[in-house]
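# Structural overview for review
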Amino acid sequence: MADLRQQALDYHEFPTPGKMAVCLTKPAQTSMDLALAYSPGVAEPVREIASNPADAYRYTAKGNTVAVISNGTAILGLGNLGPLASKPVMEGKALLFKHFANIDATDIQVKHRTTEEFINTVEAIADTFGGINLEDIKAPECFEIERELIERCSIPVFHDDQHGTAIVTAAGMINALEIQGKSIEKAVFVCMGAGAAAIACMTMLVKCGASRENVYMLDRKGVIHTRRDDLNEYKELFANNTDKRTLQDVIKGADVFLGLSGPDVLTAEDVLLMADNPVIFACSNPDPEIKPEVAHDARKDLIMGTGRSDYPNQVNNVLCFPFIFRGALDVRASRINDEMKIAAVHAIAELAKESVPDSVLAAYPNVTSLSFGPDYVLPKPMDPRLLPRIARAVAQAAIDSGVAAITTLPEDYLV
Ligand SMILES: NC(=O)C1=CN([C@@H]2O[C@H](COP(=O)(O)OP(=O)(O)OC[C@H]3O[C@@H](n4cnc5c(N)ncnc54)[C@H](OP(=O)(O)O)[C@@H]3O)[C@@H](O)[C@H]2O)C=CC1
Ligand SMILES: CC(=O)C(=O)O
Ligand SMILES: [Mg+2]
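It should be emphasised that the depicted structure is a prediction, and the values quoted were computed from it without experimental measurement.

## Looking at the overall build of the chain
For the chain, the count of helices and strands is 17 helices and ten strands. In terms of overall dimensions, the chain is globule-like: its C-alpha atoms have a radius of gyration of 22 Å, near the 22 Å expected for 415 residues. The long-range fraction of contacts in the chain, counting pairs at least 24 apart against all pairs at least 6 apart in sequence, stands at 66%. For the chain, the exposed surface amounts to about 19600 Å²; the carbon and sulfur share of it is 55%. Seen as two clouds, the 39 positive and the 55 negative side-chain charges of the chain have centres 2 Å apart.

This is the structure:
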């Protein structure tokens, strides 16, 4: 681990600090180039956009740019470390946008006093971009922030920790439950965490068939139940009329543990209390709710996923956000709606059942084969098919649900 720490610091520091830079898409060598790029030529697209704002998509980079915006209040599972400390994560998200979906992302860290001030700041700059990816903003403020910004902006606004995570978790869960021979309708879920990711994941799983009454959610104070008087309106949605109070009370006989909280909150003893053939997605980053080694030592019949790249079954929103934005931008969707999210869930889940190209195996030197099963319930982030499959499904869903300004996909779209 000490070695990984130094390697990670060196990766970020050398040869150039940070993970991204700006590149030019037009020539700037000659005086004629400058006369076009700058004065006097630049005045022409200015006039066009002033008379028709949609021309910004034609004459500027707006249509292929996403702002990755954070206030640093829930940086991974590290907590509220402030806007500046979130910059490496936001640059990381920008790297993933570019590498996986060729989207130019700009990271923005916002210092603010009130939630309204944050919302006003983002609203004021929103027209610069084709979309806004909100990141690592803690609950419950994140819910109001996203709701308000969707209302006020004409471009897609998407809180990745809510919906990117929910889409990938649902895709992986559908597959894991199928492999374990369990039906989503009957499965009993224990969700550790009741914040941005947890509320969105369980909401999505209920939309995908899970029974609301089979869901137990916990926060730092234990089980969320109807006799608590300290719940916000989002936790209240998952309050159960139950006498169960602790993780041990609810984990007994549970089919699924979903961790979206913090490190090492699930023990080997807890794992032993679960039903036969359980599913454990311990998604907290960088340190999961239980280490896979500990869970596998406890029992052999489980399917285990984490948010990390260095274990099988990476349940991480990287499988979603670059691709869902690609689809949304390409049809100039005004928002990312439920139809688009569900289309992404199924595109991801179905891809895991197909045979895996050699190029994917080559990116994982310690893996000799990958096929649908307990150690492969989700595609790998390096899978080049994620881009066309998810983006096409999302773009088509945007068109079909009436939120796209471009209403026909080209025949050769992303082939
Ligand atoms: N793998 C993935 O793709 C993703 C993983 N995550 C992970 O999910 C976690 C939560 O992120 P997010 O929802 O954005 O953050 P939030 O701040 O919105 O929510 C955190 C939630 O976790 C609960 N929590 C924290 N520590 C514990 C603990 N020790 N025991 C029980 N509950 C705890 C908090 O409880 P309380 O309400 O009482 O404060 C809160 O409900 C992080 O670890 C993050 O890395 C998030 C997004 C994507
Ligand atoms: C992956 C991610 O977005 C998180 O852990 O916050
Ligand atoms: Mg995040």
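## Things to note about the sheet that holds strand E5 (residues 189–192)
Taking strand neighbours across the sheet as the criterion, the six strands line up as E7-E6-E5-E8-E9-E10 in an open arrangement whose pairing is mixed. Unpaired on one side and paired on the other, strand E7 (222–223) and strand E10 (303–306) mark the two borders of the sheet. Sheet topology places E5 next to strand E8 (residues 256–259); four bridges connect them, and they run parallel. Looking across to E8, one finds that Cys 191 is bridged to Leu 258.

## Some points on helix H9 (residues 196–207)
Counted at 1.5 Å a residue, the expected span for H9 with its twelve residues is 16 Å, and the 17 Å between its end C-alpha atoms agrees. Regarding H9, the residues found buried are Ala 196, Ala 197, Ala 198, Ile 199, Ala 200, Cys 201, Met 202, Met 204 and Leu 205.

## Overview of the coordination of the magnesium ion (ligand 3)
Looking at the magnesium ion (ligand 3), one finds its protein donor set to be Glu 135 (OE), Asp 136 (OD) and Asp 161 (OD), positioned 2.0 to 2.1 Å from the metal centre. On the basis of relative accessibility, which here comes to 1%, the residue Glu 135 falls in the buried class. Given the relative accessible area of 2%, Asp 136 is considered buried.

## A closer look at the environment of Lys 341
Within the fold, Lys 341 resides in helix H15 (residues 338–351). Look at Lys 341 and you get buried, because its relative accessible area is 10%. Here the alpha-carbon distance between Lys 341 and Met 204, two residues 137 residues apart in the chain, equals 9.1 Å. Ignoring any residue separated from it by four or fewer positions in sequence, one finds Lys 341 in contact with His 163, Ile 167, Met 204, Ile 324 and Ile 336.

## Some points on the packing of aromatic side chains
A complete count under the given rule lists five aromatic pairs for this structure. Note on Phe 158 and Phe 325: the rings are 5.7 Å apart at their centroids and 85 degrees apart in plane angle, and the pair reads as edge-to-face. Of this pair, Phe 158 sits in strand E4 (residues 157–159) while Phe 325 sits in helix H14 (residues 321–330); the two residues are 167 residues apart in sequence, bridging distant segments of the chain. For the pair shown, Phe 158 and Phe 325 are each scored as buried.

## Observations concerning the sheet that holds strand E3 (residues 131–134)
Strand order in the open sheet formed by four strands is E2-E1-E3-E4, with parallel pairing between adjacent strands. Sheet topology places strand E2 (104–109) and E4 at the edges, where each strand pairs with a single neighbour. Here the average twist between neighbouring strands, direction ignored, is 20 degrees. In terms of strand pairing, strand E1 (residues 65–70) meets E3 through four bridges, oriented parallel. Counterpart to Ile 69 in the pairing with E3 is Leu 134. Its contacts with the sheet place helix H5 (residues 87–101) against E1, E2 and E3, and it is angled at close to 170 degrees to E2. With respect to the sheet, H14 is in contact with E1, E3 and E4, its orientation differing from that of E3 by roughly 160 degrees.

## Some words on the pattern of salt bridges
Evaluated as defined, the whole model comprises 28 salt bridges. A salt bridge links Lys 93 to Asp 160, with the nearest nitrogen and oxygen atoms 3.1 Å apart. Of this pair, Lys 93 sits in helix H5 while Asp 160 sits in helix H8 (residues 160–179), placing them 67 residues apart in sequence. Asp 160 shares its class with Lys 93; the two are buried. Measuring nitrogen to oxygen at the nearest pair gives 2.6 Å for the salt bridge that ties Asp 255 to Lys 182. Residue Asp 255 is found in the loop between helix H11 (247–251) and E8, and its partner Lys 182 is found in the loop between H8 and E5; the two are separated by 73 residues along the sequence. No difference in accessibility class separates Asp 255 from Lys 182, as the two residues are buried. One network of salt bridges, with partners in common, ties together Asp 219, Lys 221, Arg 228, Asp 230 and Lys 235.

## Digging into the site of ligand 2
By nearness alone, every residue bordering ligand 2 is listed as Leu 76, Lys 93, Glu 135, Asp 136, Asp 161, Asn 285, Asn 316 and Asn 317. A distance of 3.1 Å separates an oxygen atom of ligand 2 from a polar atom in the side chain of Asp 136. Between ligand 2 and Asn 317, the relevant distance is 3.0 Å, taken from an oxygen atom to a side-chain nitrogen or oxygen of the residue. Its free accessible area being 220 Å², ligand 2 has 87% of it covered by the protein chains. Classifying every residue of the shell around ligand 2 by side-chain character gives one nonpolar, three polar and four charged.

The rules behind these values
Residues numbered from 1 in each chain as written. Chains lettered and ligands numbered in written order. Predicted model: local features only at pLDDT ≥ 70, side-chain atom pairs only at ≥ 80, totals over all residues. Heavy atoms only, no water. Helix = DSSP H or I, 4+ residues; strand = E, 2+ residues; numbered from the N terminus. Rg over C-alpha atoms; globule rule 2.2 N^0.38 Å. Contact = heavy atoms within 4.5 Å. Areas by Shrake-Rupley, 256 points an atom, 1.4 Å probe, with all protein chains shown as cover. Lys, Arg positive; Asp, Glu negative; His and termini not counted. Charge placed at Lys NZ, Arg CZ, Asp CG, Glu CD. Pairing = 2+ DSSP bridges. Expected span 1.5 Å × (residues − 1). Buried < 20%, exposed > 50% of the residue type's maximum accessible area, 1.4 Å probe, protein only. Donors = N, O, S within 2.8 Å, 3.2 Å for Na, K, Ca; no water. Phe/Tyr/Trp six-rings, centres within 6.5 Å; stacked < 30°, edge-to-face > 60°. Axes fitted to C-alpha atoms, helices over the stretch in contact; angles between N-to-C directions. Salt bridge = Lys/Arg side-chain N within 4 Å of Asp/Glu carboxyl O. Near = heavy atom within 4 Å. Polar contact = N/O pair within 3.5 Å; in protein donor to acceptor, adjacent residues only side chain to side chain. Nonpolar A, V, L, I, M, F, W, Y, C, P; charged D, E, K, R; others polar.

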